[in-house]
Protein chains: 2
Amino acid sequence: MGIIPQSALLGHNGAMNADVNTLPIGVFDSGVGGLTVLKALREELPRENLIYLGDTARLPYGTKSPASISRYASQATRQLQEQGIKLLVVACNTASAVALDTLREQMHPVPVTGVVEPGAAAAVAARPGGSHLVLATEATVRLGAYRRAIHERDPDAEVRELACELLVALAEEGWRDGPIAESIVRRYLGELGNPPHDPDSVILGCTHFPILRDAIASAFDQAVVIVDSASTTAAVAREQLQSLAIVNGQDSPGSLTLLATDGATRFARVGGQFLGEDLAAEDIRVVDL
Amino acid sequence: MGIIPQSALLGHNGAMNADVNTLPIGVFDSGVGGLTVLKALREELPRENLIYLGDTARLPYGTKSPASISRYASQATRQLQEQGIKLLVVACNTASAVALDTLREQMHPVPVTGVVEPGAAAAVAARPGGSHLVLATEATVRLGAYRRAIHERDPDAEVRELACELLVALAEEGWRDGPIAESIVRRYLGELGNPPHDPDSVILGCTHFPILRDAIASAFDQAVVIVDSASTTAAVAREQLQSLAIVNGQDSPGSLTLLATDGATRFARVGGQFLGEDLAAEDIRVVDL
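I will try to describe carefully the structure that is included in this document. (Residues numbered from 1 in each chain as written. Chains lettered and ligands numbered in written order. Predicted model: local features only at pLDDT ≥ 70, side-chain atom pairs only at ≥ 80, totals over all residues.)

Things to note about the overall build of chain A
Along its length, chain A carries 11 helices and 10 strands. The C-alpha atoms of chain A give 18 Å as radius of gyration, which agrees with the globular expectation for 289 residues (19 Å, within 12%). With the C-alpha coordinates aligned to their principal axes, the bounding extent of chain A is approximately 60 × 40 × 40 Å. Scored against the burial criterion, the 289 residues of chain A give a buried share of 53%. Put simply, of all contacts in chain A between residues at least 6 apart along the chain, 79% involve residues at least 24 apart. (Helix = DSSP H or I, 4+ residues; strand = E, 2+ residues; numbered from the N terminus. Rg over C-alpha atoms; globule rule 2.2 N^0.38 Å. Buried ≥ 20, exposed ≤ 12 C-beta atoms within 10 Å, placed from the backbone. Contact = placed C-beta atoms within 7 Å.)

Brief notes about the environment of Gly272 of chain A
Residue and element names in this part refer to chain A. Turning to its location among the elements, Gly272 is positioned in helix α11 (residues 264-275). Taking the number of C-beta atoms within 10 Å as the measure of exposure, Gly272 has 17 and is therefore partly exposed. Taking the C-alpha atoms as reference points, Gly272 and Val32, 240 residues apart in sequence, are found 8.8 Å from one another. Discounting chain neighbours no more than four positions away, the residues touching Gly272 are Glu277, Asp278 and Leu279.

Things to note about the pairing of strand β5 (residues 131-136) of chain B
Residues and elements named next belong to chain B. Counting buried residues in β5 gives 5 out of 6 residues, a clear majority hidden from the surface. With 6 bridges joining them, β5 and strand β6 (residues 158-163) adopt parallel strand pairing. If you follow Val134 over to β6, its bridge partner there is Glu161. In the sheet, β5 pairs with strand β7 (residues 201-204) via 4 bridges, with the strands oriented parallel. (Pairing = 2+ DSSP bridges.)

Points about the relation of the copies chain A and chain B
Between chain A and chain B, which share one sequence, the superposing operator has a rotation angle of 180° and an axial displacement of 0.0 Å; the RMSD is 0.0 Å. In symmetry terms, the pair is related by a two-fold rotation axis. For chain A, the residue whose C-alpha comes nearest the rotation axis is Arg58 of chain A, separated from it by 2.6 Å. Counting the interface residues of chain A, we find that 100% of their copies in chain B are interface residues as well, pointing to one common contact surface. (Least-squares fit on C-alpha atoms with pLDDT ≥ 70 in both.)

Considering unusual backbone geometry
A cis geometry characterises the amide bond from Leu59 of chain A onward to Pro60 of chain A, with omega recorded as -5°. Looking at the secondary structure, you find Pro60 of chain A in the loop between β2 (50-54) and α2 (66-83). For the bond running from His108 of chain A to Pro109 of chain A, omega is 5°, close enough to zero to count as cis. In this structure, Pro109 of chain A sits in the loop between α3 (93-107) and β4 (112-113). One non-glycine residue with positive phi stands out, namely Ala245 of chain B, at about 55°. As for its position among the elements, Ala245 of chain B is in the loop between α10 (229-243) and β9 (256-260).

As for the sheet that holds strand β7 (residues 201-205) of chain A
All names here are of chain A. Ordered by their spatial adjacency, 4 strands build an open sheet running β6-β5-β7-β8, and the pairing between neighbours is parallel. Strands at the two margins of the open sheet, each flanked by one partner only, are β6 (158-163) and β8 (225-228). When strand polarity is set aside, the average angle formed by the axes of neighbouring strands in this sheet is 20°. (Axes fitted to C-alpha atoms, helices over the stretch in contact; angles between N-to-C directions.)

Purely geometric numbers; function is a separate question.
So, in structure tokens, the structure goes:
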């Protein structure tokens, strides 16, 4: 049992829980993109129980206003809070960029991890003093969240940010590679100048983008480091559980609960590609926020 | 003054209105795509006052469940109903396919026009007994709304329906033509078989698609009739106003009010392309449903 008072971890439903350590980790995203983070969490922490909520009724967040994004993120967080969780992972770059402080207040003293800070830390560690290119949604770029997080760690770093909204729909459609995906990536990169100078690292600043990794890598002339915040976020989550001594000690594999606010059939079809395993509509429970 | 009781047209705010004929036509869409219909209405009925509501906070509708789409459409309709309108145009194919009957009940006795029936009628008129290809969103295709509307008018017609979700994002990004747009259209058409036999008519079954008309036309080997429901819907709206004798007799050009549920800046930037004129964020009033 860690430093978090057990009462804070029981959720609003008042259910008694013998051991906080067995409570699930809550993972929240605007849709199915965050399943790339869920996949990394399962690999990093195979014994943890996980509960995932995709706010599919209101996706995408990336083109919406900060006020709407904050309100939606807060409602989704409340849903997970009521289930009783020991850690919240905000697996959506847009929500992390816009609403992380609000969600930390709401969840206090339960810890909250976003995806922006782990991604920025990984990029700086890979290429100190380097040149970073952030591919993200409009809202994430507008807020300059990656730029700030990188410069806090490395004031000498060069940071460019590029809104690539169409890549979200491309990933959702499952058109992962081939000439269409590559042309779209190249056209976005063309907005950086012609010819653009290649960065040292490319940060996948949207959880939809890891499944487009090959198409993105192929658009650069030389080899670049591709930073995917999914695995670094999972590592941060493990460190948090360890430092708070709330690791699940059970021997068996952790359970997985999937919640969505709309469209179980589509969630299963598209989400399976992100999670890397087949899903059926019956695996997903639809909840109203 | 027409056959609709004036009391039914005054809206819930109870404001007295000297002349029903001067009340605006309400136009509703999930986002900015419906501005192609608004543009056609302005051309067809330049003296009518128009009020447009784009539910940008919850777009896109095309990937969501019928229950969510109905609820959203009903809330948006209530907002327009409260302003006092004499005709509702549902300028969203998905909402027309899913919720038209519900919205007609809700607005009764105020008339309601969707975009599916005018589009189907125009296709049948252009190519009686022909072969029609409907390009639309997932939800519109799943419901087979165009297939039904065409077969009611022409039982011998051949109808194929193709969900082209990525075209919505492409139109929103404003990438109207060029090799990327054409490749995406060709890839979708490839799903019809290889080589697909060209249809007689192609129905643009999503209000986002008219701005992609050139890219769509170029993907066919032979000339096809492109049916855009915007202009046919505007013609139906004019006929309805005439048959009910509620045409606006004023001499001056009609007013235009633009409402959105989120993101005035993005609405102005993207919407300007659909409306065919420059918009500023100050032109759009953000409302909460």
